[in-house]
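Each chain is listed here by its residues.
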Amino acid sequence: MRKILITGGLGQIGSELTKKMRDIYGNDNVVMSDMQAKDTHKDLIESGPFEMLDVLDREKMGEIVDRYKIDTIVNLAAILSAVGEAKPQLCYDVNMNGLYNVLELAREKDLSVFTPSSIAVFGENTPKDKTPQDTIMRPGTMYGVTKVAGENLCDYYFNKFGVDTRGVRFPGLISNDTLPGGGTTDYAVHIYYEALKQKKYTSFIDKGTKMDMMYMPDALNAIVQLLEADPSRLRHRNAFNITAMSFDPEDMAHSIRKHIPEFKLDYDVDPVRQAIADSWPNSLDDSEARAQWDWNPEFLLDDMTADMLNSLRKKLNIQD
Ligand code: NAD
Ligand code: SER
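Going along each chain's sequence as written, the residues are numbered from 1 onward. Here the convention is simple: chains get letters from A, ligands get numbers from 1, in the order in which they are written. Where totals are concerned, whole chains, interfaces and linings use all residues; where local detail is concerned, this predicted model gives features only for residues with pLDDT of at least 70, and gives and counts side-chain atom pairs only at 80 or more. Only heavy atoms go into the side-chain values, all of them from the structure, while hydrogens and water stay out.

Colleague: When you look at helix α6 (residues 142-161) in this model, what are you seeing that I'm missing?
Modeller: An α-helix turns once per 3.6 residues; consequently, residues spaced three or four apart project the same way. In DSSP terms, a helix is any run of H or I states spanning at least four residues, a strand is any run of E spanning at least two, and both are numbered starting from the N terminus. The length a helix should cover is 1.5 Å for every residue beyond the first. Helix length check: α6 (20 residues) gives 27 Å between terminal C-alpha atoms against 28 Å at 1.5 Å per residue, within 8%. Under the scheme applied here, a residue whose accessible area is under 20% of the maximum for its type counts as buried, over 50% as exposed, and between as partly exposed, the area being computed with a 1.4 Å probe on protein chains only. Of all the positions in α6, only Tyr 143, Gly 144, Thr 146, Lys 147, Val 148, Gly 150, Glu 151, Leu 153, Cys 154 and Tyr 157 are classed as buried. Taken together, the buried residues of α6 touch α4 (81-86), α5 (88-109), β6 (117-118), β7 (165-166) and β8 (168-170). Where α6 ends, the next residue or the one after it, Gly 162, has phi of about 75°, a positive value. Note on contacts: a residue pair qualifies if any of its non-hydrogen atoms lie within 4.5 Å across the two residues.

Colleague: In this structure, what is going on with the pattern of salt bridges? I would like to understand it.
Modeller: Two side chains bearing opposite charge may form a pair once their charged atoms approach each other closely. Any carboxyl oxygen of Asp or Glu that lies within 4 Å of a side-chain nitrogen of Lys or Arg is treated as forming a salt bridge with it. The full count for this structure, using the stated rule, is 16 salt bridges. Between Arg 67 and Glu 51 there is a salt bridge, and its shortest N-O distance comes to 3.1 Å. Taken together, the residues Arg 67 in helix α3 (residues 58-68) and Glu 51 in strand β3 (residues 50-52) connect sequence positions 16 residues apart. Judged by its relative accessible area of 11%, Glu 51 is buried. One network of salt bridges, in which partners are shared, links Glu 51, Glu 63 and Arg 67.

Colleague: What is the right way to look at unusual backbone geometry in this model?
Modeller: A negative phi angle is the norm for most residues apart from glycine, just as the trans form is the norm for most peptide bonds. The residue Asp 110 is not glycine, and still its phi comes out positive at about 60°. Looking at where Asp 110 falls in the secondary structure, it is placed in the loop between α5 and β5 (112-114).

Colleague: Sorry if this is basic, but what is going on with the site of ligand 2 here?
Modeller: Summary of the distance rule: residues count as near a molecule or strand when at least one heavy atom falls within 4 Å of that molecule or strand. Taken together, Leu 80, Ser 81, Ser 118, Tyr 143, Gly 183, Thr 184, Thr 185 and Trp 280 form the complete shell of residues around ligand 2. Residues adjacent in sequence count toward polar contacts only when both atoms are side-chain atoms; beyond that, a polar contact is any pair of N or O atoms within 3.5 Å, and within protein one must be able to donate a hydrogen and the other to accept it. Interatomic distance of 2.6 Å between a side-chain N/O atom of Ser 81 and an oxygen atom of ligand 2. Ten residue types, Ala, Val, Leu, Ile, Met, Phe, Trp, Tyr, Cys and Pro, are classed as nonpolar, four, Asp, Glu, Lys and Arg, as charged, and the remainder, Gly among them, as polar. Along the lines of polarity and charge, the residues of the shell around ligand 2 split into three nonpolar, five polar and no charged.

Colleague: What exactly am I supposed to notice about the environment of Gly 62 here?
Modeller: Here Gly 62 lies in helix α3. In this structure Gly 62 comes out as buried when scored by relative accessible area, which is 7%. Between the alpha carbons of Gly 62 and Ile 79 there is a distance of 22 Å; along the sequence they are 17 residues apart. Here Gly 62 is in contact with Leu 105 and Lys 109, once residues within four sequence places are set aside.

Shown next, in the form of structure tokens:
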């Protein structure tokens, strides 16, 4: 049985991944950590071990690894694209130095590491449609720069030191537990909350802007599936393109109107996030992930919309 440390565990992915991993590996075998405890996640924090951990504190990370006999780190601590443009120094520190600390500990203590990358690794001159697994990567954001460097660093630790590093390039993730932490794709989560609360939404991303997206249950499956995949089949260990769907705000509105016919969508485009979105692919080619570790997402847009609206109605206590 693995003994797992999750960093950044109270974020959008970590809060749901912790639950899933505790179900699979046992509550005591999944140590969740973050910068500070949040009252909103009291039940999760109390369902297994929780540690306050800044990924920039390598000594404390090492002490936690030793104390719990950790053999796998899932490194989710990060600063995402929009916040990264507002705070580039912080983005660099957390995404680069935090990952470096994780990899150094992994090298010293023979740990496995999973670190998500992102569609943000691509840039203006990357092919936009069916973006290949191996292609031009010259991102225009600090977040993207740290993610490309992170992929390379993880490859280096595997090739040079034999550290078992793995990762995927996540598209925008949509979920109904924890709100996203300041990315460009966040509109695709906010739209569902506002559809239920106000029956209208003002999008900061313009119509016609297609980006790859995925529902959280598929993203969580991807992490566990790749962590447990047969290493002899993996040729792209740290940077698998994966996607489930590609859509623009109008496609989402169309899907929402199947449940809320009066839903209205308008636009107040944010130039910073729009420029980031414009530099990212319209759709990824994820055939290598499908071939090397049997990646196969379940949720498409309409299935996701039905599930999101159903779950959020319960969460927000909204009747119709
Ligand atoms: P998030 O912003 O929701 O959560 C990140 C967590 O990291 C937060 O809880 C924050 O408190 C914590 N954190 C920040 N600085 C820290 C530090 N110094 N030490 C410890 N913890 C710190 O992010 P997320 O959406 O859960 O993303 C997790 C990973 O997945 C990131 O690497 C991100 O780049 C990647 N990813 C996410 C998406 C997405 O749509 N959510 C898409 C592509 C890639
Ligand atoms: N959802 C993330 C962002 O928008 C993609 O990495 O930053």
